[in-house]
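Below, each chain spelled out in residue letters.
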There are 2 protein chains.
Amino acid sequence: MRKSEMKDRSRLIAAAMQKIPCDLTVENVKLVNVFTGEIYPASVDVLDGYVVRVREAGQTTAQPSRRVYDGEGRYLIPGFIDTHMHCESTMMIPENMSRAIVPWGTTTVCTDPHEIGNVMGLSGVRFMLENGRKSALRHYVLAPSCVPAVPALEGAGASFTHTEVAELLDSEDVVGVAEIMDYVGVYNDDRRMHEIIDEGVKRDVLLQGHSPMASGKELAAYLVGGPCTDHESGSAEEVREKLRNGMHINLRASSIADALKHELEGCMDHRFHDNVSVCTDDVHAKDLLEKGHINSVVRKMIQLGVEPVDAIKMATLNAAREYNFKDLGAIAPGYIADMQLVDALDGNRPDAVFIRGELVARRGEYLGHDDPAPAPEMPNTVNMPQITCPEDFLLRAPEGCGDRVKVLVMIRTPESIIKTGEWVELPVMDGCVSLEGHDDLHFVCIANRYGAGDKSIAVLRCFGLREGAMATTISHDSHNFTVVYRDIESAYACAEEMKRVGGGMCAAKGGKVISTLALPVAGLMSYHPCEEVSREIEQTQSVMASLCDNSFSILALVVFALPVLPGYILTDRGMVDGLSQKFVDIFQN
Amino acid sequence: MRKSEMKDRSRLIAAAMQKIPCDLTVENVKLVNVFTGEIYPASVDVLDGYVVRVREAGQTTAQPSRRVYDGEGRYLIPGFIDTHMHCESTMMIPENMSRAIVPWGTTTVCTDPHEIGNVMGLSGVRFMLENGRKSALRHYVLAPSCVPAVPALEGAGASFTHTEVAELLDSEDVVGVAEIMDYVGVYNDDRRMHEIIDEGVKRDVLLQGHSPMASGKELAAYLVGGPCTDHESGSAEEVREKLRNGMHINLRASSIADALKHELEGCMDHRFHDNVSVCTDDVHAKDLLEKGHINSVVRKMIQLGVEPVDAIKMATLNAAREYNFKDLGAIAPGYIADMQLVDALDGNRPDAVFIRGELVARRGEYLGHDDPAPAPEMPNTVNMPQITCPEDFLLRAPEGCGDRVKVLVMIRTPESIIKTGEWVELPVMDGCVSLEGHDDLHFVCIANRYGAGDKSIAVLRCFGLREGAMATTISHDSHNFTVVYRDIESAYACAEEMKRVGGGMCAAKGGKVISTLALPVAGLMSYHPCEEVSREIEQTQSVMASLCDNSFSILALVVFALPVLPGYILTDRGMVDGLSQKFVDIFQN
């Protein structure tokens, strides 16, 4: 849990009474007061990382601070808080992510490390916690609640029961139970979810929800079951129903989902907005570089007509209150001095960012005094004994089916990540399904990469892959090796490459690797900083796209195996009907 | 601390999913939603005391509840929460207070039992906790922080250090550290206050403030010292400064202080009001009978122009959030079903009140199924070995002063409870000060009633007491025996009467008691119900007034000894200058 920070109150009292000097005064600012909504000239005195006093115009002090920072008349607003995000989605390790987002004014993130949790279990989550402490950003973690997402249907690198969740909740800087995605498990009162939620209830920490489309009786059941927030509302009606039912809504603008306009329509005509804060969920390195982080959500909200002080309050005080952080989210005596100077209340890049009263970014440049020790070298997590030769990627037809077989083909339309299905009769050659004559089809294989030996292969109509293969070890949420291919030699080359570099993404053609994005940290993250990661991703994306006829996106590649989606899903154990959560046979005799 | 109530989530989930019936549906209501500010038709399903679901118009259930209560189109609002009050001020024990206030729509009170704490210590506070559990009202207690108010200046029946506060904070239903009145102690960083606050910080409970007139550097010092709320602001400017500095303001309308109009001026033009809730602090039995409780504050606010839904939110959800009660203050799935049906949003008496889904009041009649066992008989707390004869009430003049002496007379104007001083030359007879020729003066004696043997006597110009004496064992905050008198026989008669009945108030004339209000519970509270207590108080007040020329009020009688007031104060140890907190000599040679 988050330790109630035992500040040295005696020193702060002495400083407030002007008996000892403060460390810093940020003077000559227009303070944005998120308690009252007022904006007025002020100076802010800071000691030991805490605000000691906010002096309004005309209030002087007999005890000048050791340092003075001239705000030059800019607005001073609290540092932004991201209420829900996955560091892994940036493909950076926490310390590098921090360096990328702090210059945009974010000073606290609450991350759900469930990607690395699925791959490496507790040791992965601990790596995130520890690495997150190296840089200036206040990096809180929530205990992943759904590792793996649906245990019966997929093989992950780890499995969390309430025991692991409890152990994490008792760790420093762990502030809640992360998005409780198994909403069906909650309203069916499954034992696993019930016991995990119990651990959060016992400790009185945030039970973060995740309940897309939940409504009516299911929404009520989810709420009495424990979770109390949501960041998955796609429509105004959904936001409104959830707010009426007491949920705290995290307005989301992520790199892969942005229903902000609709979400705002569902709440901005309400009289009260205390239960609204913001999050980015999944944000890509490129977006971080170009658009920013929480500031970018705030900017969009303002562009959509939200009053700037309302948007700022949602991104600061409301977020802190959601987590019951009593010393974050505002600039007032006793609050941690996380704050930013901005030229205008428009969500653009701040001029300066302070964390605990330290100047940590100026005009986009990160200035944190970080721990210079290199991040630990992480073990290679790609372990696939079942893949030893190209033939392992052949799709064997059922015995005695003759020379043709009806196959349930997964179909993906570019508009959606949900896959429908269609029965297609395909030729059988040497006992294996062939795609000859079906240029629009390709194979997809999900291979367990944690030594369990499972793999399953299906046929897909998706990207219009013309030739070769493309593979990833980012594959939500179990992150098994996932390869889409036209020829087995290229698929095999990808598998070998992923084993070699410890995971990531790659493309192959004619049995040879033509591009690799190495993500050696759990097969999910790079050690490289934001600019480099962003460039590498773009290059990989463009090589992959060059193999395809249809629109290609990395996002589409990484959600084949997500069994919480409706529609058809392929896991390392077979094809699953997401709605019924049952395995289905892909062959029809 | 407050136990995180471990509700049976499985049953609630089953009820939400319509697999088992709910206990109760309150149907046909206009729901006031304090999350959004909306009002719309709804039905509320309740099981095990929790709201399971709020069904909007048209949403039916396949599983009818066991009972249905027809709201007849009335508004359904959450039960009110009093964020700060002293039960002792009602002169009733908790169970009787509960019966008086629940019919007015209050369902939760957070009380500071510091009066009984000063008299009886921990055992007194425990009596309040236990007696409070006998009736329907949710009675939370805060650990008194200033017992006695100023230890060096007065003798109380108990003294709390951090040890006692810690023990209380670890008790069930204790939800915070009660009003930290020794604000000078906080900003001087006195050890006693520092250690007491530490106990609250460790347990992350509310640190309730009390800082009248605190401003500028002192306010900042108070805030970094820990306390974070206030209910003592007398002016708009004070409210505004405190809100800007992040304090949670409890708007107060008590029987003895009502600056609501000014307080509202200091906050209602703000954009946000999340940090505003309401309290009654001290409310008298008569006011409870005639005007109500929190509803009366809400009514006044509405009359002063506050939007009804804003006022209702302040009296419900904002109050719950101040204390971090996550399941109180709203009507939504998972919340405790404390709610009231009202004819209009005007703060008048509700038609029906529910606590935990039980109908506990209807049209003013209390219907709770209370524990019928009588309250325990409390020990007599009036122990004054130093009072054995009328002559003990003589004010001895300094030796060798001759037949006249200059005396520092305490002066009270009817407008204020603060006493100024004036030097008056008085005759000395038989070595004692005489009031002969000074019909406007009377004596006042404060006698320790906890066996310590201290007493002090002074001269007063206050009520225009013509004859006799009037006495009280309610005398803030140490509650020593306090008597105002013209003749020592009457003073002595009062002392004997208070010893006999275990405290209370009485009046005497010609050495004979003419009226007694017995308050045998710690000399502060009666065992009688509200109507009776109210009648008895009124009778005593009228007899006391009949002895006086000037305006008489019981309130003025009970604040002679309060050493946190500025001006002159008389404690059992002598006359004190409140500002300097030093003893002063009442004689001048």
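Anything mentioned here points back to the structure above.
These numbers were taken from a predicted model, which means no experiment stands behind them.

## Some remarks on the overall build of chain A
Logical step 1: Summing up its helical and strand segments, chain A has 17 helices and 30 strands in all.
Logical step 2: By the compact-globule yardstick of 25 Å for 589 residues, chain A fits well, its C-alpha radius of gyration being 25 Å.
Logical step 3: With respect to the principal axes defined by its C-alpha atoms, chain A has extents near 95 × 50 × 45 Å.
Logical step 4: Buried positions account for 66% of the 589 residues belonging to chain A.
Logical step 5: In chain A, of all internal contacts separated by at least 6 residues, the share reaching a separation of at least 24 is 69%.
Logical step 6: About 19600 Å² of surface is accessible on chain A, with carbon and sulfur atoms providing 49% of the total.
Logical step 7: Distance between charge centroids for chain A: 4 Å, based on 56 positive and 84 negative side chains.

## Some thoughts on the pairing of strand S6 (residues 80–85) of chain B
All names here are of chain B.
Logical step 1: Among the 6 residues in S6, 6 count as buried, and that is most of the element.
Logical step 2: Bridging between S6 and strand S7 (residues 106–111) involves 4 bridges; their strand directions are parallel. Bridged to Met-85 within S7 is Thr-111.

## Remarks on the environment of Tyr366(A)
Residue and element names in this part refer to chain A.
Logical step 1: Examined against the element boundaries, Tyr-366 turns out to sit in strand S17 (residues 365–366).
Logical step 2: With a relative accessible area of 17%, Tyr-366 lands in the buried category.
Logical step 3: For Tyr-366 and Val-102, which are 264 residues apart along the polypeptide, the C-alpha to C-alpha distance reads 7.1 Å.
Logical step 4: In this structure, Tyr-366 is in contact with Ser-98, Arg-99, Val-102, Pro-103, Ser-135, Ala-136, Val-360 and Ala-361, ignoring residues within four places of it in sequence.
Logical step 5: A distance of 3.0 Å separates the side chain of Tyr-366 from the backbone nitrogen of Ala-136, its partner in a polar contact.
Logical step 6: Polar side-chain contacts of Tyr-366 include one of 2.7 Å to the side chain of Asp-370.

## Let's talk about the sheet that holds strand S7 (residues 106–111) of chain A
Residues and elements named next belong to chain A.
Logical step 1: As summarised here, the arrangement of the 5 strands in space is S6-S7-S8-S9-S10, forming an open sheet in which the pairing is parallel. Both outer strands of the open sheet, strand S6 (80–85) and strand S10 (206–209), are each paired with one neighbouring strand and no more. When strand polarity is set aside, the average angle formed by the axes of neighbouring strands in this sheet is 30 degrees.
Logical step 2: Of the strands in this sheet, S6 and S7 are in contact with helix H12 (residues 294–303), which crosses S6 at around 100 degrees.

## Describing the interface of chain A and chain B
Logical step 1: The interface is formed by 60 residues belonging to chain A together with 60 residues belonging to chain B.
Logical step 2: Between chain A and chain B, roughly 5600 Å² of surface is buried when both sides are summed, and carbon and sulfur atoms account for 52% of that area.
Logical step 3: In this structure, the connection of chain A to chain B is made through 16 salt bridges.
Logical step 4: For Asp310(B), the salt bridge is made with Arg271(A), and the minimal N-O distance between the two is 2.7 Å.
Logical step 5: Where chain A touches chain B, the interface holds 26 residue pairs in polar contact (both at pLDDT 80 or more).
Logical step 6: If you list the elements that add at least two residues to the side of chain A that touches chain B, you get helix H1 (9–16), strand S3 (50–56), helix H6 (183–187), helix H7 (191–203), helix H8 (216–224), helix H9 (236–244), helix H13 (308–314) and helix H14 (317–322) of chain A.
Logical step 7: Among the elements that make up the side of chain A that touches chain B, the one with the highest residue count is H8(A) (7 residues).
Logical step 8: Residues of the side of chain A that touches chain B, tallied by class, amount to 23 nonpolar, 17 polar and 20 charged.

Reading the values: the criteria
Residues numbered from 1 in each chain as written. Chains lettered and ligands numbered in written order. Predicted model: local features only at pLDDT ≥ 70, side-chain atom pairs only at ≥ 80, totals over all residues. Heavy atoms only, no water. Helix = DSSP H or I, 4+ residues; strand = E, 2+ residues; numbered from the N terminus. Rg over C-alpha atoms; globule rule 2.2 N^0.38 Å. Buried < 20%, exposed > 50% of the residue type's maximum accessible area, 1.4 Å probe, protein only. Contact = heavy atoms within 4.5 Å. Areas by Shrake-Rupley, 256 points an atom, 1.4 Å probe, with all protein chains shown as cover. Lys, Arg positive; Asp, Glu negative; His and termini not counted. Charge placed at Lys NZ, Arg CZ, Asp CG, Glu CD. Pairing = 2+ DSSP bridges. Polar contact = N/O pair within 3.5 Å; in protein donor to acceptor, adjacent residues only side chain to side chain. Axes fitted to C-alpha atoms, helices over the stretch in contact; angles between N-to-C directions. Buried area = accessible area lost by both parts, 1.4 Å probe. Salt bridge = Lys/Arg side-chain N within 4 Å of Asp/Glu carboxyl O. Nonpolar A, V, L, I, M, F, W, Y, C, P; charged D, E, K, R; others polar.

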